[in-house]
Amino acid sequence: MTEKFDAYGQVLPDAAGGQPETATAASAMLGRVGQYAFWLLVVVIVSVRIISYPAAPAFEVGASADVKHTFTR
């Protein structure tokens, strides 16, 4: 086995006899719940923005006399 070092040159301790840690069922479930909650929040925010704001901008040009005044500014 080779020794592993951290970013500062210190020897890393052997983690559980060299075996990687596996995720427990509870942490895996919390991870999925967190992902679903995040994407649900994204969908809700985007939906509310689509519903709340009009598709066309609210820019309207006034009467034809006003257009001439606007272009001469």
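The following refers to the structure shown.

About the thresholds
- Residues numbered from 1 in each chain as written.
- Predicted model: local features only at pLDDT ≥ 70, side-chain atom pairs only at ≥ 80, totals over all residues.
- Heavy atoms only, no water.
- Helix = DSSP H or I, 4+ residues; strand = E, 2+ residues; numbered from the N terminus.
- Buried < 20%, exposed > 50% of the residue type's maximum accessible area, 1.4 Å probe, protein only.
- Areas by Shrake-Rupley, 256 points an atom, 1.4 Å probe, with all protein chains shown as cover.
- Phe/Tyr/Trp six-rings, centres within 6.5 Å; stacked < 30°, edge-to-face > 60°.
- Patch = residues over 30% accessible without salt bridge, like charges linked within 9 Å, V, L, I, M, F, W, Y side chains within 5 Å.
- Salt bridge = Lys/Arg side-chain N within 4 Å of Asp/Glu carboxyl O.

The helix and strand tally for the chain stands at 2 helices and 0 strands. A burial count over the chain gives 0% of its 73 residues as buried. Entry remark: accessible area of the chain is about 7400 Å², with carbon and sulfur atoms responsible for 65%.

A full pass over the atoms with the stated rule returns 1 aromatic pair. For the ring pair Phe38 and Trp39, a centre distance of 5.0 Å and an interplane angle of 75° mean the geometry is edge-to-face. Owing to a relative accessible area of 47%, Phe38 belongs among the partly exposed residues under this scheme.

Right, let's get into a nonpolar patch on the surface. Residues Leu40, Val44 and Val48 make up a contiguous nonpolar surface patch of roughly 260 Å² in combined accessible area. Residue placement: Leu40 occurs in helix H1 (residues 25-52).

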